Amino acid sequence: MTLAQFLVDALPAAGPFTLDGPEGRHAAAVRRLRAGERLLVGDGAGSVAECVVTAAAKDSLDVVIERRWTEPPPDLRVVLVQALVKGDRGELAVELATEAGVDAVVPWRASRCVAKWEDGPRGEKALARWRSTAREAAKQARRPWVPDVLDPVGQAGLLDLVRASALTLVLEAHLATRLAQVRLPESGDLVLVVGPEGGISPDELTALEQAGATAVRLGPAVLRTSTAAAVALGALGALTARWR
């Protein structure tokens, strides 16, 4: 059975330590791990340790590290630019993309977004939900790296990302060029742009292409904005060395 994974801010180099706080409470009270059982503890930045429980309290575990390693980041990083979505579909997009291996997520205030994420407490709360979703999905997927969820961008910020990337792919269902036909880089940042449910506006698409982006489609089906990134990440995993 795959071991449960928990996240800490700083992972000790070796020896015993106490897993406490929210993660320790979940491990002891919800997962009910007991002495002799094993678990994974990571820092979300590549370092992971396989540990064995030596003692269990009400809301913490005493554990000892038996094996520790560091997973390097991929040579080709996928940065998802995800348009804001009304309701919980944005969080679903982040969850699925994280499970599929995305390395960073950038919320995008596209012109056709129904959700706006205005500056202030409401926007900060929405961003915090995306970040929490990425963290929990990374734990569920046993990923050594938790994707960064960055501050939202408008068109100017998005175009800066495009110009700095090794390649930017814009997913558009009506276009003839398929993802499998595009020559993909071996390293650097591959920016993947997913528009809102209403689609990317013609002006935005033109600006993206003028900045160097390539518009592509995944296949014959039209995907929701909440699932498109995860499907694309699966294709990129197979078409590049990311899954090898």
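To keep things clear, this report deals only with the structure shown in the data block. (Residues numbered from 1 in each chain as written. Predicted model: local features only at pLDDT ≥ 70, side-chain atom pairs only at ≥ 80, totals over all residues. Heavy atoms only, no water.)

## Points about the overall build of the chain
Here's step 1: Summing up its helical and strand segments, the chain has six helices and 11 strands in all.
Here's step 2: Projecting the C-alpha coordinates of the chain onto the three principal axes gives extents of approximately 60 × 40 × 30 Å.
Here's step 3: Within the chain, buried positions represent 47% of all 244 residues.
Here's step 4: For the chain, the share of sequence-separated contacts (at least 6 apart) that also reach a separation of at least 24 residues comes to 71%.
Here's step 5: Total accessible area computed for the chain in this model is approximately 12,300 Å², and 50% of it derives from carbon and sulfur atoms. (Helix = DSSP H or I, 4+ residues; strand = E, 2+ residues; numbered from the N terminus. Buried < 20%, exposed > 50% of the residue type's maximum accessible area, 1.4 Å probe, protein only. Contact = heavy atoms within 4.5 Å. Areas by Shrake-Rupley, 256 points an atom, 1.4 Å probe, with all protein chains shown as cover.)

## Comments concerning the packing of helix H2 (residues 89-100) against helix H3 (residues 121-140)
Here's step 1: For the pair H2 and H3, the least separation of the axes is 8 Å and the interaxial angle reads 30°. For the element pair H2 and H3, the recorded crossing hand is right-handed. Facing H2, whose interface residues are Gly90, Glu91, Val94, Glu95, Thr98 and Glu99, H3 presents Arg129, Trp130, Thr133, Ala134, Ala137, Ala138 and Gln140.
Here's step 2: Class assignment for the residues of the contact of H2 with H3 results in five nonpolar, four polar and four charged. (Axes fitted to C-alpha atoms, helices over the stretch in contact; angles between N-to-C directions. Left-handed = near helix turned anticlockwise from the far one by under 90°. Nonpolar A, V, L, I, M, F, W, Y, C, P; charged D, E, K, R; others polar.)

## Side note on the packing of H2 against helix H6 (residues 228-239)
Here's step 1: Running from amino to carboxyl end, H2 crosses H6 at an angle of 10°, the nearest separation of the two axes being 8 Å. Between H2 and H6, the crossing angle belongs to the class labelled roughly parallel. Contacts between H2 and H6 involve Leu96, Ala97 and Ala100 on the former and, on the latter, Ala229, Ala230 and Leu233.
Here's step 2: Classifying every residue of the contact of H2 with H6 gives six nonpolar, no polar and no charged. (Parallel < 35°, antiparallel > 145°, perpendicular 65-115°, else oblique.)

## Side note on the sheet that holds strand E10 (residues 188-194)
Here's step 1: An order of E8-E7-E6-E10-E9-E11 is seen for the six strands of this open sheet, with the pairing classed as parallel. Edge positions in the open sheet fall to strand E8 (148-149) and strand E11 (214-216), since each of these has one partner strand only.
Here's step 2: With seven bridges joining them, strand E6 (residues 76-83) and E10 adopt parallel strand pairing. Along E10, the bridge assignment pairs Val78 with Leu190.
Here's step 3: Sitting on the sheet, H6 is in contact with E6, strand E9 (167-171) and E10, with an inclination near 145° to E10. (Pairing = 2+ DSSP bridges.)

## Quick notes on the nonpolar core
A general tendency of soluble globular proteins is for nonpolar side chains to be buried together.
Here's step 1: Core analysis: the largest hydrophobic core is formed by 53 residues, its most contacted members being Trp108 and Leu169.
Here's step 2: Among the elements that make up this core, the one with the highest residue count is E6 (six residues).
Here's step 3: Judged by nonpolar contacts, the second largest core, of 17 residues, contains Leu11, Ala27, Leu33 and Val41. (Core = buried A, V, L, I, M, F, W, Y, C linked by side-chain atoms within 4.5 Å.)

## Here we look at the sheet that holds strand E2 (residues 16-19)
Here's step 1: Taken in spatial order, the five strands make up an open sheet running E1-E3-E4-E5-E2, and their pairing is mixed. Each end of this open sheet is capped by a strand with a single partner; those strands are strand E1 (5-7) and E2. This sheet shows a mean twist of 40° between the axes of neighbouring strands, independent of strand direction.
Here's step 2: Bridging between strand E4 (residues 47-56) and strand E5 (residues 61-70) involves nine bridges; their strand directions are antiparallel. Paired with Glu50 across the two strands is Arg67, which belongs to E5.
Here's step 3: On the sheet, helix H1 (residues 21-30) packs against E1, E2 and E5 and is oriented at approximately 155° with respect to E1.

## Here's the deal with H1
Here's step 1: Among the residues of H1, those classed as buried are Glu23, Gly24, Ala27 and Ala28. Seen from one end, H1 has its buried residues packed into an arc of 115°, which puts them on one side. Opposite the buried face of H1, by more than 90 degrees, sit the exposed residues Pro22 and Val30.
Here's step 2: If you follow the buried residues of H1, they end up packed against E1, E2, E5 and H3.
Here's step 3: Directly after H1, the chain includes Arg32, whose backbone phi takes a positive value near 55°. (Arc of directions from axis to C-beta.)

## Details of the pairing of E2
Here's step 1: Every second residue of E2 is oriented toward a common face, the buried set being Phe17 and Leu19 and the non-buried set Pro16 and Thr18.
Here's step 2: When E2 meets E5, the two strands line up antiparallel, connected through four bridges. Bridging from a neighbouring strand, Pro16 pairs with Val64 of E5.

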